[in-house]
Amino acid sequence: MARNKHRDDEPSARRRNQLTTLGVRADGRNPVDYKDVALLRQFLSDKGRIRSRRLTGLTPQQQRQVATAIRNAREMALLP
């Protein structure tokens, strides 16, 4: 018998909405800043890797902004 695919594998809509409302806006009026370490830590895994769009629920533009901000924060030694 084939195993039914459950929705447990993907983040819940509540979790997805929570991450998208953490100060990242699609219109770009509130861009992500590399100095906002508390926000950027939400998008890092325990090992310090950037979480994928699948897990964060961000749009491609938001994900690029977050990734760029994390790279800048790492360069400034604000993040691991």
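Quantities reported herein were computed from a predicted structural model and do not represent experimental measurements.

1. Brief notes about the overall build of the protein chain
Reasoning step 1: Counting secondary structure elements, the protein chain contains four helices and zero strands.
Reasoning step 2: Reading the protein chain from its N end, one meets helices and strands in the order α-α-α-α.
Reasoning step 3: Within the protein chain, buried positions represent 26% of all 80 residues.
Reasoning step 4: Relative to all contacts within the protein chain whose residues are 6 or more apart in sequence, the contacts with residues 24 or more apart total 57%.
Reasoning step 5: When the accessible area of the protein chain is evaluated, it comes to approximately 6200 Å², of which 46% is carbon and sulfur surface.

2. Considering the side chain of Thr 56
Reasoning step 1: With respect to the helices and strands, Thr 56 occurs in helix 3 (residues 53–56).
Reasoning step 2: A polar contact is formed between the side chain of Thr 56 and the side chain of Gln 63, at a distance of 3.2 Å.

Analysis parameters
- Residues numbered from 1 in each chain as written.
- Predicted model: local features only at pLDDT ≥ 70, side-chain atom pairs only at ≥ 80, totals over all residues.
- Heavy atoms only, no water.
- Helix = DSSP H or I, 4+ residues; strand = E, 2+ residues; numbered from the N terminus.
- Buried < 20%, exposed > 50% of the residue type's maximum accessible area, 1.4 Å probe, protein only.
- Contact = heavy atoms within 4.5 Å.
- Areas by Shrake-Rupley, 256 points an atom, 1.4 Å probe, with all protein chains shown as cover.
- Polar contact = N/O pair within 3.5 Å; in protein donor to acceptor, adjacent residues only side chain to side chain.

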